[in-house]
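Observations on chain architecture
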Amino acid sequence: MDNENLLLTVSSSPHIRAKATTASIMRNVCLALLPALVVAAYVFGYMAVVIVAICVVTCVLTELIVEKIMKRPVTIGDWSAVVTGVLLGFNMPITAPWWMCVIGSIFAILIVKQLFGGLGRNFVNPALAARAFLLASWPTHMTGTAFIPLTDTVTQATPLGILKEGGSLSQLPSNLDMFLGVHGVYGSIGEISALALLIGGVYLLIRGIINWRIPATYMATIAVLSLIFGKDPIFMLCSGGVFLGAFFMATDYVTSPTTVKGQFIYAFGCGLMTMMIRMFGGYPEGVSYSILLMNVASPLIERYTRPRIYGTEKKSSKAVEGGASHA
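Since the structure is predicted, the reported quantities are computational estimates derived from the model, not experimental observations.

Next up on the list: the packing of helix α2 (residues 46–69) against helix α4 (residues 98–113). Two quantities define a packed helix pair, namely the angle between the axes and the distance from one axis to the other. Two elements in contact, α2 and α4, have axes whose closest approach is 8 Å; the angle formed by their N-to-C orientations is 35 degrees. Judged by the sense of rotation from one axis to the other, the crossing of α2 with α4 is right-handed. Between α2 and α4, the residues in contact are I51, I54, C55, T58, C59, T62, E63 and V66 and W98, C101, V102, S105, I106, I109, L110 and K113, respectively. Class assignment for the residues of the contact of α2 with α4 results in 11 nonpolar, three polar and two charged.

Next comes the structure, spelled out in structure tokens:
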């Protein structure tokens, strides 16, 4: 045997490499969101696409300008700003004025993402933080009839709004309509069709972009708590932004735990907070705030669910981890 074949190549870690890049992952997320955008365009008309487009363009331009000013490498080619723009557009009501889309997009990229160091350093989801900012700043443009198209003079509230206001069951749409989202079941632009979001979520699962733990635990928690509170679990799952949050926002790599146990705890917390807000809060929907709250708790969850270093005692393992964190 040739001696050259016995030589080993010595290199530093990582030794296992994947073909996936940030850009390819983000492009797959955009593809997964297309079915929901198609349904939104069918239900709301061309303005749904316009609002999403305004958010995307503003997010990309903001990231480009900020990185130029701060003399950082330009990263708009990684598609992360595009995904932020699409998700923010999906969280906007159909009657949102263009200037709110612009302000929300600038806030998401400049304040939440870039001021904390860029992609991978933001501690909450930028699109959800922007939605919370807009909701606090212009509540009348982000709640109630803001989700109803101006052309519809019959429907007065979203399904969760009807439930929160104590409406009768006859006023609520059927579970099938809630699942399909095409018969006057209104809400934020990208959350109306559970089926379209499920198709996108399954695509991400098949492609290995996300794993099943967070979406499944999140939705299972909502279903179980719905039964405990005497509510229809299918209605609670298909209404509001549960599917959008479970597959596309709670699974954000940056703001969710990386440990297996941590992901279960995190997702359970998202489901629990969603139901607490829906049942006892003054706001009919709880998905956005629940994910934001658990984003903040994610580092703490990860700290206490981090596996012990192999081959060390429990105390010495903590000492090594503590030393590494202060290095």
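Bringing the UniProt feature "transmembrane region" (unreviewed entry) in the chain into the picture now. Within the UniProt annotation, "transmembrane region" (unreviewed entry) is assigned to residues 36–61, 96–116, 185–205, 234–251 and 263–281. Annotated as residues 185–205, this span is 57% helix and 0% strand, and its ends, taken at the C-alpha atoms, are 27 Å apart.

Moving on, we come to unusual backbone geometry. A positive phi angle, close to 55 degrees, is found at K71, a residue other than glycine. With respect to the secondary-structure elements, K71 resides in the loop between α2 and α3 (80–90). The backbone phi angle of W79 is positive, close to 70 degrees, even though this residue is not glycine. Here W79 is to be found in the loop between α2 and α3. Looking at W79, the relative accessible area reads 33%, which means it is partly exposed.

A few words on the packing of aromatic side chains. Taken as a whole and judged by the stated rule, the model has eight aromatic pairs. Each residue in the set W99, F107, F133 and W138 is aromatic and connected to the rest through ring pairs, giving one cluster.

Moving on, we come to a nonpolar patch on the surface. On the surface, a nonpolar cluster with roughly 940 Å² of combined accessible area is contributed by V57, L61, I65, I69, M70, I111, L115, F116, F123 and V296. With four residues, the single largest contributor to the nonpolar patch is α2. Position of V57 relative to the elements: it lies in helix α2.

Time to look at the UniProt feature "modified residue: FMN phosphoryl threonine" (unreviewed entry) in the chain. Cross-referencing UniProt, the feature "modified residue: FMN phosphoryl threonine" (unreviewed entry) maps to T158 in the present numbering. Along the chain, T158 falls in the loop between α5 (126–137) and α6 (159–164). We classify T158 as buried; its relative accessible area is 14%. Beyond its immediate sequence surroundings of up to four residues, T158 is in contact with F147, I148, Y186 and G187.

Between α3 and α4, whose axes approach to 10 Å, the crossing angle comes to 135 degrees. Taken together, α3 and α4 sit at an angle that is classed as oblique. Read as a crossing pair, α3 and α4 show a hand that is right-handed. On α4, the residues that touch S80, A81, T84 and L88 of α3 are C101, G104, S105, A108, I109 and K113. Counted by class, the contact of α3 with α4 contains five nonpolar, four polar and one charged residues.

Remark: the principal bend of helix α13 (residues 287–305), roughly 45 degrees, maps to A297, with a proline, P299, within the next four residues. Restricting attention to buried positions, one finds in α13 the residues V287, S288, S290, I291, L292, M294, N295, S298, I301 and T305. Structurally, α13 contributes buried residues whose contacts are with α5, α9 (213–228), α11 (242–249) and α12 (260–280).

Thresholds applied
Chains are numbered independently. Their residues run from 1 in the order of the written sequence. Where totals are concerned, whole chains, interfaces and linings use all residues; where local detail is concerned, this predicted model gives features only for residues with pLDDT of at least 70, and gives and counts side-chain atom pairs only at 80 or more. For side-chain calculations, the full set of non-hydrogen atoms in the structure is used, while hydrogens and water are omitted. Axes here refer to lines fitted to C-alpha atoms; in helices the fit is confined to the stretch in contact. Angles between the N-to-C directions go from 0 to 180 degrees. Helix and strand assignments follow DSSP, with helices taken as H or I runs no shorter than four residues and strands as E runs no shorter than two, numbered in order from the N terminus. The crossing is said to be left-handed when, going from far helix to near helix, the turn is anticlockwise and less than a right angle, and right-handed when the turn is clockwise. Pairs of residues are marked as contacts when any of their non-hydrogen atoms sit within 4.5 Å. Classes in brief: Ala, Val, Leu, Ile, Met, Phe, Trp, Tyr, Cys and Pro nonpolar; Asp, Glu, Lys and Arg charged; the others, Gly included, polar. UniProt positions are given in the numbering used here, feature names are shortened, and annotations may be inferred rather than shown by experiment. Relative accessibility thresholds used throughout: buried, under 20% of the residue-type maximum; exposed, over 50%; partly exposed, between the two (1.4 Å probe, protein chains only). Each aromatic pair joins two rings of Phe, Tyr and Trp (for Trp, the six-membered one) with centres within 6.5 Å, and gets the label stacked for planes under 30 degrees apart, edge-to-face for over 60, and tilted for any other angle. Patch building starts from residues that exceed 30% relative accessible area and form no salt bridge, then joins like charges within 9 Å and nonpolar side chains (Val, Leu, Ile, Met, Phe, Trp, Tyr) within 5 Å. Exposure was quantified through the Shrake-Rupley algorithm and a 1.4 Å probe, taking into account, for residues, occlusion by the shown protein chains and nothing else. Salt bridges, as used here, are contacts in which a Lys or Arg side-chain nitrogen is within 4 Å of a carboxyl oxygen on Asp or Glu. If an angle is under 35 degrees, it is roughly parallel; if it is over 145, roughly antiparallel; if it lies from 65 to 115, roughly perpendicular; otherwise it is oblique. Given a residue, its bend is the angle between the two axes fitted to the seven residues that end at it and to the seven that start from it.

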